[in-house]
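Here is what each chain is made of, one letter per residue.
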Amino acid sequence: MSEKRLTVRAAAPARRRALPVAARLTLAGTIAATAVVCYLFLFIQGSFDFAFERRLTVIGTMAVVAFAHAVGTVVFQTITHNRILTPSIMGFDAVYILMQTLLVAFFGGGVLAVTDGMPKLLTQTLLMVCFTMLLFRWLFSGRSGSIHVMLLVGVVLGLAFRSVSDFLQRMLSPSEYDVLSTRLFGRLTSAEASYLPLAGAVCLIVGAVVWYRCHRLDALLLGRDAATNLGVDHKRELTVMLLMVSLLIAMSTALAGPMTFFGFVTAMLAYQMTGTHRHAAVLPMAFFIGVITLVGGQFILEHVFYASGMLTVVIEFLGGAVFLLHLLRKGTL
Amino acid sequence: MRRRLPLLLATLGVLALITVSLFVGSYDIDLWSLFTDPEARRMFFISRVPRTLALVLAAAAMAVSGVIMQMLVQNRFVEPTTTGTSEWAALGVLLLTLFAPAASPLVKMGAASAFAFAGAMVFLFVLGRIALKSQVIVPIVGIMLGALISSLTLYIASTYQLLQTLATWRSGGFSSVVRGTYEPLWVVGVIVIGLYLAADRFTIAGLGRDTATSLGLPYRRIMFIGLTMVALATGVTTVVVGFLPFLGLIIPNLVSMARGDDIRANLPWVVLSSVALMIACDLVGRTLVAPLEIPATVVLGAVGAVVFVAMILRQRKKAHV
């Protein structure tokens, strides 16, 4: 059974390779750009300047989120050697939710608005990155380190954080809770514009680092021994890459709230659309698909269904369903 | 007689804890006032006794569910909160709250149990379809399934402004347990006895489908009965006291580590130690920040996570993972 599957899958990209990779990338890029232009300029009612500025912020946020989840997930899947898990499984959401809940529980509902600003964004990101790096140093770098053990411990600690958050949330007054709950879900359309330059800069730097190390990532796909034979310092590469991934996801979570299954969808589609494993092709494709999903989805929701706030919920739920189907079809984690 | 002695001592220890639990609380009750003051006696039977009984029964329920699931799935890291079963129960309760807000607790428990059963079936189905490279993958799959269901639950709850209700109810706790709300937990007592009677069959089922079938065991029927028991226990417990994370995971494992894998011989130990842990958590939660209280479930979540991580690491050292 498994052999048959293997041959089928090996044959599939060859058949689809009618279009060269570069052309596919250009096509995806064009669709993404079209979606962005449509979202920016179509259906503007009232003041152009106001609407344009607001939409520009939304587009900026979406670009950052799409970049973070797309690149973060593809790299994470390469270093963990699986195509299903996404970095959010390591407990970023739980750390984020716990931080927000603690803030509101101790300082009241107003604190979220008052403390919004660069220092808070940086502190949140730093705490989340520290959490994953600690897990990593502790569980993976040892002699008997295993990526699965690291993930499981992250998940379990996440469950514990969630149970503490649940408890704190029930003690809040309903009005405080309302303020908090807007932070606990993805919120692409109400992110702070002032964060964007910093978030964009982080994305650019991480993007440059990852791009520069693209070929080493390709080598990592071959497994620890083969990569070492090819002259890649396996452990160092893993550390750097995990740091990049946690930086991206932490930044995106602090900016626009947690998303679990979005990265999985973009990475999966990117592999299918490029039909190759080379990171130089998969990474940009994943980013384009992320932009198309977010911007196009928002455009359709706003102008066809008149429901602007539900995008992340819809994506999460559809993504979760795709995740389940994919898990069943692929038959392994 | 000598073999029975440790068990007897453990039982005495748990009885002592139960006694402590009966006499700790904001309303001052001691042995003397219990006999002289009718008001104290009334409070005692309305609030203290039900609460302690609920603790005992819920603890037994989750521990026993853990034992059954670990045997049926043949994986040490499985229990209702790491397989998504509890999340399904939560979805069931939420849906019933929406569509039939006036439903009696018994109907709610039925719905929660039915959803828990469906969840356990889905989990087993998914598990049957994927190749397991490592023991540790099984709980990761379960937790991802749970995340999927809980994102649906969250979405529904947020649409109908029930989010905080959901948080309240998930972290449950025993503070609101009084006479008249905990009685359904007695179902769990029946389940524990049923498991004790069928324990040997579950032990054989735990050897795997082929072995069990060749030993003349109706494997599918045992599987079905086991899952029904788990679903009932999970559903009832979730409705009455909320999620009890990790209890069914750590206690059975610790007992097996100490005594081996004979379910029937372990069962009394499993029940006793989980009751002891549950009451201890509840006492800590009640006394630490008195007169407020931290729900026992939250204390359990924190303690359980630490013990669970320690267990994973211990197994890693043995290089089984």
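Quick caveat, the model's predicted, so the values are computed rather than measured. (Residues numbered from 1 in each chain as written. Chains lettered and ligands numbered in written order. Predicted model: local features only at pLDDT ≥ 70, side-chain atom pairs only at ≥ 80, totals over all residues. Heavy atoms only, no water.)

J.: I'd like a description of the side chain of H69(A), backed by residues and values.
T.: Residues and elements named next belong to chain A. Residue placement: H69 occurs in helix α3 (residues 48–80). A distance of 3.2 Å separates the side chain of H69 from the side chain of S252, its partner in a polar contact. Look past the residues within four positions of H69 in its chain and what remains in contact with it is I249, S252, M259, F262 and G263. (Helix = DSSP H or I, 4+ residues; strand = E, 2+ residues; numbered from the N terminus. Polar contact = N/O pair within 3.5 Å; in protein donor to acceptor, adjacent residues only side chain to side chain. Contact = heavy atoms within 4.5 Å.)

J.: Explain the packing of aromatic side chains to me, using residue names and the numbers behind them.
T.: Residues and elements named next belong to chain A. Scanning the entire structure with this criterion turns up 7 aromatic pairs over all chains. Centre to centre, the rings of F264 and F323 are 5.2 Å apart; their planes meet at 80 degrees, and the pair counts as edge-to-face. Of this pair, F264 sits in helix α13 (residues 262–274) while F323 sits in helix α15 (residues 311–330), and the two are 59 residues apart along the sequence. For the pair shown, F264 and F323 are each scored as buried. Judged by centre distance (6.1 Å) and plane angle (40 degrees), the ring pair of F287 and F288 falls under tilted. For F287, a relative accessible area of 23% puts it in the partly exposed group. Here F288 falls in the partly exposed class, since its relative accessible area comes to 22%. (Phe/Tyr/Trp six-rings, centres within 6.5 Å; stacked < 30°, edge-to-face > 60°. Buried < 20%, exposed > 50% of the residue type's maximum accessible area, 1.4 Å probe, protein only.)

J.: I'd like a description of the pattern of salt bridges, backed by residues and values.
T.: A pair can form between side chains of opposite charge whenever their charged atoms are brought close. Taken as a whole, this structure holds 3 salt bridges over all chains when the rule is applied. Two residues, E237(A) and R213(A), come together in a salt bridge whose shortest N-O distance is 2.6 Å. Of this pair, E237(A) sits in helix α12 (residues 234–256) while R213(A) is found in the loop between α9 (196–212) and α10 (214–220), placing the two residues 24 residues apart along the sequence. Residue E237(A) shares its accessibility class with R213(A), and that shared class is buried. Put simply, D282(B) and R51(B) hold a salt bridge, and the shortest N to O gap is 2.9 Å. Here D282(B) is found in helix α12 (residues 263–288), whereas its partner R51(B) is found in helix α3 (residues 38–73), with 231 residues between them in sequence. (Salt bridge = Lys/Arg side-chain N within 4 Å of Asp/Glu carboxyl O.)

J.: Describe the interface of chain A and chain B, listing the residues and the values that go with them.
T.: Taken together, the contact between chain A and chain B spans 42 residues of the former and 43 residues of the latter. In this assembly, chain A packs against chain B so that about 4,000 Å² is buried in total across both faces, 77% of it on carbon and sulfur atoms. There are 0 salt bridges connecting chain A and chain B. Taken together, the links from chain A to chain B amount to 0 residue pairs in polar contact (both at pLDDT 80 or more). Of all the elements in the fold, those that place two or more residues in the side of chain A that touches chain B are α6 (118–139), α7 (147–171), α8 (174–181) and α15 of chain A. Looking at the side of chain A that touches chain B, the element that brings in the most residues is α7(A), giving 16 residues. (Buried area = accessible area lost by both parts, 1.4 Å probe.)

J.: How would you explain the UniProt feature "transmembrane region" (unreviewed entry) in chain A if you had to name every residue and give the values?
T.: Residues and elements named next belong to chain A. Annotation from UniProt places "transmembrane region" (unreviewed entry) at residues 25–44, 56–79, 94–114, 146–164, 193–212, 240–269, 281–301 and 307–328. Between the end C-alpha atoms of residues 56–79 the distance is 34 Å, and the span holds 100% helix and 0% strand. Annotation note: span residues 193–212, helix share 85%, strand share 0%, distance between end C-alpha atoms 29 Å. (UniProt positions renumbered as here; feature names shortened; annotations may be inferred.)

J.: Tell me what's going on with the packing of α3(B) against α12(B), and back it up with residues and numbers.
T.: Residue and element names in this part refer to chain B. Orientation of α3 relative to α12, taken along the N-to-C sense of each, is 135 degrees, at an axis distance of 8 Å. The pairing of α3 with α12 is recorded here as oblique in orientation. Considering the relative orientation of α3 and α12, their crossing is right-handed. Contact residues: α3 offers R48, R51, L55, V56, A59, A60, A63, V64, V67 and M71, while α12 offers I263, L267, V270, V271, S274, V275, M278, I279, D282 and R286. (Axes fitted to C-alpha atoms, helices over the stretch in contact; angles between N-to-C directions. Parallel < 35°, antiparallel > 145°, perpendicular 65-115°, else oblique. Left-handed = near helix turned anticlockwise from the far one by under 90°.)

J.: Residue-level account of the environment of E183(B), with values.
T.: The topology assignment puts E183(B) in the loop between α7 (163–170) and α8 (186–205). For the pair E183(B) and L292(B), spaced 109 residues apart in the sequence, the C-alpha separation amounts to 25 Å.

J.: Describe α8(A), listing the residues and the values that go with them.
T.: Looking only at α8(A), the buried set comprises Y177(A), L180(A) and S181(A). For α8(A), the angular spread of the buried residues around the axis is 90 degrees, confining them to a single face. (Arc of directions from axis to C-beta.)

J.: Give a description of the packing of helix α2 (residues 21–41) of chain A against α3(A) that names residues and reports values.
T.: All names here are of chain A. Closest axis-to-axis distance for the α2/α3 pair is 9 Å, and the angle between their directions is 145 degrees. Here V36, Y39, L40 and F41 of α2 lie close against α3, whose contacting residues are F48, F52, R54, R55, L56, V58 and I59. Grouping the constituent residues of the contact of α2 with α3 by class yields 9 nonpolar, no polar and 2 charged. (Nonpolar A, V, L, I, M, F, W, Y, C, P; charged D, E, K, R; others polar.)

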